[in-house]
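Residue-level structural notes
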Amino acid sequence: EKAWGDAIPVAELEKGWVTRVKVGGRLLAIYDTPSGLFASAALCNHGGADLCDGYFDGHVIECPLHQGAFDVRNGRAVGAPAVRAMLTYEVRVEGGMVQVLV
Ligand code: FES
């Protein structure tokens, strides 16, 4: 059973960047993009690096360890050596709070 969990106040998000949050015991990454907020698992599915320490540009997060890349809108792997889509989560804003469906 999934439920919306509070992640972080919108005002505390890193504008145009990636923010590390914890929701329901899960470490997640929230991405502030030109087309809204998106969320994924914080740890890279290639080798477990923390994507929140990576380089974020528009809609693509680049992993800090081997520079694998993912499109945060759909999770798709868009740069080697990442091959599997990353786990993504639905995001919404309620009363100034970013919430994630986990
Ligand atoms: Fe992220 Fe290898 S750990 S690309």
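Residues numbered from 1 in each chain as written. Predicted model: local features only at pLDDT ≥ 70, side-chain atom pairs only at ≥ 80, totals over all residues.

Looking at an unreviewed UniProt entry, one finds the protein chain named Non-heme iron oxygenase ferredoxin subunit and attributed to Gymnodinialimonas phycosphaerae.

**A short note on the overall build of the protein chain**
Of regular secondary structure, the protein chain possesses 0 helices and 11 strands. What you see for the protein chain is a C-alpha radius of gyration of 13 Å, in line with the 13 Å of a compact globule of 102 residues. If you line up the protein chain on its principal axes, its C-alpha atoms span 40 × 30 × 20 Å. Out of the 102 residues belonging to the protein chain, those deemed buried represent 31%. Once local pairs closer than 6 in sequence are excluded, the contacts in the protein chain between residues at least 24 apart make up 37%. (Helix = DSSP H or I, 4+ residues; strand = E, 2+ residues; numbered from the N terminus. Rg over C-alpha atoms; globule rule 2.2 N^0.38 Å. Buried ≥ 20, exposed ≤ 12 C-beta atoms within 10 Å, placed from the backbone. Contact = placed C-beta atoms within 7 Å.)

**Remarks on the UniProt feature "domain: Rieske" (unreviewed entry) in the protein chain**
If you check UniProt for "domain: Rieske" (unreviewed entry), the listed places come out as residues 5–100 in our numbering. The distance separating the terminal C-alpha atoms of residues 5–100 is 5 Å; by composition the span is 0% helix and 49% strand. (UniProt positions renumbered as here; feature names shortened; annotations may be inferred.)

**Let's talk about the sheet that holds strand E11 (residues 97–101)**
Pairing is antiparallel across the open sheet formed by 3 strands, whose spatial order is E1-E11-E10. Taken across any chain shown, the strands that pair with only one partner, and hence form the sheet edges, are strand E1 (4–9) and strand E10 (91–94). With strand direction ignored, the average angle separating the axes of adjacent strands in the sheet is 35°. Of the strand pairs in this sheet, E10 and E11 are connected by 4 bridges, and their pairing is antiparallel. The residue of E11 that forms the bridge with Arg 92 is Gln 99. (Pairing = 2+ DSSP bridges. Axes fitted to C-alpha atoms, helices over the stretch in contact; angles between N-to-C directions.)

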